[in-house]
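Residues per chain are reported as follows:
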Amino acid sequence: MSYTSLRYHIVFGTKERRPFLTAPLRPRICEFLAGMIRRQGGHPVLINGPEDHVHIVAEIPPTLAIADSLRDLKANCTNWIHDTLPDMKTFSWQEGYSAFSVSPSVLPNLLRYVRNQQEHHKKTTFTDEMIWLLKSHGIIFDEKYLA
């Protein structure tokens, strides 16, 4: 028998940080992403974000590489948006993503943080947020890729 706890905090943005994820549209996109995670055999815990990026807290099955999961998640979501919302034909996600492992001890604080994204981004930019996340996880990065 194998036991795993593969919970991630995943962040990725819209291409060019375009503000596509408006308040009326955001719940539909979050719901679609949650459904895709379930179809992959995962468990979406919480999905939210401001107009230009999403934060996903989810458990991904051990049989699926995070890169494969996110590639399929983003591609299927983009296709769904193009098929469902004719005025969003120019929508796309950024090429990369960030994924951080989440221990049970930090989960409550993380969930609070993700729930409050709209308020948080009234005073913090996406770039500043990513720099903070990357530094707090000890990840070496080049700021030119965060713009």
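Residues numbered from 1 in each chain as written. Predicted model: local features only at pLDDT ≥ 70, side-chain atom pairs only at ≥ 80, totals over all residues. Heavy atoms only, no water.

## Here we look at the packing of helix H1 (residues 26–39) against helix H2 (residues 66–84)
The description of two helices packed together rests on the angle between their axes and the distance between the axes. Running from amino to carboxyl end, H1 crosses H2 at an angle of 135 degrees, the nearest separation of the two axes being 10 Å. Relative to H2, the element H1 is oriented oblique. Along this stretch, H1 crosses H2, giving a crossing that reads as right-handed. Across from Arg28, Ile29, Phe32, Leu33, Met36 and Ile37 in H1, the residues of H2 making contact are Asp72, Leu73, Asn76, Cys77, Trp80, Ile81 and Thr84. Here the residues of the contact of H1 with H2 are counted per class, giving 9 nonpolar, 2 polar and 2 charged. (Axes fitted to C-alpha atoms, helices over the stretch in contact; angles between N-to-C directions. Helix = DSSP H or I, 4+ residues; strand = E, 2+ residues; numbered from the N terminus. Parallel < 35°, antiparallel > 145°, perpendicular 65-115°, else oblique. Left-handed = near helix turned anticlockwise from the far one by under 90°. Contact = heavy atoms within 4.5 Å. Nonpolar A, V, L, I, M, F, W, Y, C, P; charged D, E, K, R; others polar.)

## Remarks on the sheet that holds strand S2 (residues 43–48)
As summarised here, the arrangement of the 4 strands in space is S2-S3-S1-S4, forming an open sheet in which the pairing is antiparallel. If you trace the sheet from one side to the other, it starts and ends with S2 and strand S4 (98–101), each paired once. In this sheet, adjacent strand axes meet at a mean angle of 20 degrees when their direction is disregarded. Here S2 pairs with strand S3 (residues 53–59) via 5 bridges, running antiparallel. When the bridges of S3 are listed, Leu46 appears paired with Val57. (Pairing = 2+ DSSP bridges.)

## Describing the pairing of S3
With respect to burial, S3 is a largely interior element, 6 of its 7 residues being buried. Bridge analysis of strand S1 (residues 7–13) against S3 gives 7 bridges, and the strand direction is antiparallel. In the strand pairing of S3, Ile10 is matched with Ile56. (Buried < 20%, exposed > 50% of the residue type's maximum accessible area, 1.4 Å probe, protein only.)

## Observations regarding the pattern of salt bridges
What the rule picks out here adds up to 4 salt bridges. With its nearest N and O atoms 3.1 Å apart, the salt bridge here joins Arg7 to Glu59. Highlighted residues: Arg7 in strand S1 and Glu59 in strand S3, separated in sequence by 52 residues. As a salt-bridge pair, Arg71 and Asp72 come within 3.1 Å of each other at their nearest N and O atoms. With a relative accessible area of 30%, Asp72 lands in the partly exposed category. The network of salt bridges with shared partners includes Asp68, Arg71 and Asp72. (Salt bridge = Lys/Arg side-chain N within 4 Å of Asp/Glu carboxyl O.)

## A few points about the packing of aromatic side chains
Following the criterion strictly, the structure yields 5 aromatic pairs and no others. On the basis of an interplanar angle of 85 degrees and a centroid distance of 4.8 Å, the ring pair of Phe12 and Trp93 is categorised as edge-to-face. One end of the pair, Phe12, is in strand S1; the other, Trp93, is in the loop between H2 and S4, with 81 residues separating them in the sequence. The exposure classification of Phe12 matches that of Trp93, with both residues buried. Ring geometry for Phe91 against Trp93: centres 5.0 Å apart, planes inclined by 85 degrees, an arrangement best described as edge-to-face. Judged by relative accessible area, Trp93 falls into the buried class, the value being 7%. Each residue in the set Phe12, Phe20, Phe91 and Trp93 is aromatic and connected to the rest through ring pairs, giving one cluster. The ring of Phe32 has Arg39 lying over it, and the distance from NZ or CZ to the ring centre is 5.8 Å. Taking the ring centre of Phe12 as reference, the NZ or CZ of Lys74 above it sits at 5.1 Å. (Phe/Tyr/Trp six-rings, centres within 6.5 Å; stacked < 30°, edge-to-face > 60°. Lys NZ or Arg CZ within 6 Å of the ring centre and 35° of its normal.)

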